[in-house]
Amino acid sequence: AKGAIGAMWAQKHVHLGAKRRGCHLVTRQIEDELEKELGKYKVGMCNLFLQHTSASLTINENCDPDVRKDMETFLRHAVPEGPSAPWVHTAEGPDDMPAHVKSSMFGCSLSIPISNGRLALGCWQGVWLCEHRDRASSRSVVCTLMGE
């Protein structure tokens, strides 16, 4: 749809299947889901908004899977879990409150430029879904595109 000053807007929901705990490269799935819409933009912005509080989105290394493993190792060390953890919110399981903390650390939203119908990520950059729960369900991402 065209806006008041000639900008086009589009929005699409992308569903990511349930994943194990860890950091997962989802760039290709997002680009594939948005291919038709992205192709209409010469210049613009794509906002990705994860509709969950126990997972997160970030942009990081897209080549070496060891980076994703190392990030999960960092997160496990940085945010305490288990019976000795200081959390009060434990009703949804021992991994829930740590998942909320990790989600807040990375965030649930990314803004990525659109250039000539493609996400303008750097050569070694990829979109990660960071799953912070032991038994997660599928995740929903609202993708909002704006530009010309």
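We now turn to the structure provided with this report.

### Looking at unusual backbone geometry
Phi is positive for Asn116, which is not a glycine, with a value near 50 degrees. Mapping Asn116 onto the fold places it in the loop between strand S5 (109-115) and strand S6 (118-119).

### Let's talk about the sheet that holds strand S3 (residues 43-50)
Pairing in this open sheet of 5 strands is antiparallel, and the strands run S1-S8-S3-S5-S6 from one edge to the other. The open sheet terminates on both sides in strands that have one partner only, identified here as strand S1 (8-16) and S6. Of the pairings in the sheet, the one linking S5 to S6 comprises 2 bridges and is antiparallel in character. By the bridge assignment, Ser115 is partnered in S6 with Arg118.

### Notes on the sheet that holds strand S7 (residues 125-131)
Reading across from one edge, S2-S7-S4 is the order of the 3 strands in this open sheet, with antiparallel pairing throughout. For this open sheet the edge positions go to strand S2 (22-25) and strand S4 (55-61), each flanked by a neighbour on one side alone. With strand direction ignored, the average angle separating the axes of adjacent strands in the sheet is 35 degrees. One ladder, built from 4 bridges, connects S2 with S7; its direction is antiparallel. Counted as the bridge partner of Gly22 is Glu131 from S7. Lying over the sheet, helix H3 (residues 96-106) contacts S4 and S7, oriented at roughly 45 degrees with respect to S4.

### A few points about the layout of surface pockets
In this model, the largest pocket occupies a volume close to 380 Å³. Around the largest pocket, the lining comprises 15 residues; the ones closest to its centre are Thr27, Arg28, Glu31, Arg118 and Leu119. At the level of secondary structure, the elements contributing two or more residues to the lining of the largest pocket comprise helix H1 (27-38), S6 and S7. Here the lining of the largest pocket gets 6 residues from one element, more than from any other, and that element is H1. By residue class, the composition of the lining of the largest pocket is 4 nonpolar, 6 polar and 5 charged.

### Quick look at the pattern of salt bridges
Counted by the stated rule, this structure contains 11 salt bridges. Between Glu72 and Arg21 there is a salt bridge whose closest N-O contact spans 3.9 Å. You can see Glu72 sitting in helix H2 (residues 65-78) and its partner Arg21 sitting in the loop between S1 and S2, a full 51 residues away along the chain. Each member of the pair, Glu72 as well as Arg21, is classed as buried.

### What to know about the environment of Pro86
Examined against the element boundaries, Pro86 turns out to sit in the loop between H2 and H3. Measuring from C-alpha to C-alpha, the distance between Pro86 and Gly44 comes to 44 Å, with 42 residues separating the pair along the chain.

### So, the packing of H2 against H3
Taken N-terminus to C-terminus, the directions of H2 and H3 make an angle of 120 degrees; their axes are 11 Å apart at the nearest point. Put simply, H2 runs oblique to H3. Of the two elements, H2 crosses H3, and the hand of that crossing is right-handed. Across the interface between the two elements, Met71, Phe74, Leu75 and Arg76 from H2 touch Lys102, Met105 and Phe106 from H3. Split into classes, the residues belonging to the contact of H2 with H3 amount to 5 nonpolar, no polar and 2 charged.

Calculation rules
- Residues numbered from 1 in each chain as written.
- Predicted model: local features only at pLDDT ≥ 70, side-chain atom pairs only at ≥ 80, totals over all residues.
- Heavy atoms only, no water.
- Helix = DSSP H or I, 4+ residues; strand = E, 2+ residues; numbered from the N terminus.
- Pairing = 2+ DSSP bridges.
- Axes fitted to C-alpha atoms, helices over the stretch in contact; angles between N-to-C directions.
- Contact = heavy atoms within 4.5 Å.
- 1 Å grid on protein atoms, 1.4 Å probe; cavity = no way out; pocket = protein on both sides within 12 Å on 5 of 7 lines; lining within 4 Å.
- Points joined across faces, edges and corners; volume = space filled by probe spheres on them.
- Nonpolar A, V, L, I, M, F, W, Y, C, P; charged D, E, K, R; others polar.
- Salt bridge = Lys/Arg side-chain N within 4 Å of Asp/Glu carboxyl O.
- Buried < 20%, exposed > 50% of the residue type's maximum accessible area, 1.4 Å probe, protein only.
- Parallel < 35°, antiparallel > 145°, perpendicular 65-115°, else oblique.
- Left-handed = near helix turned anticlockwise from the far one by under 90°.

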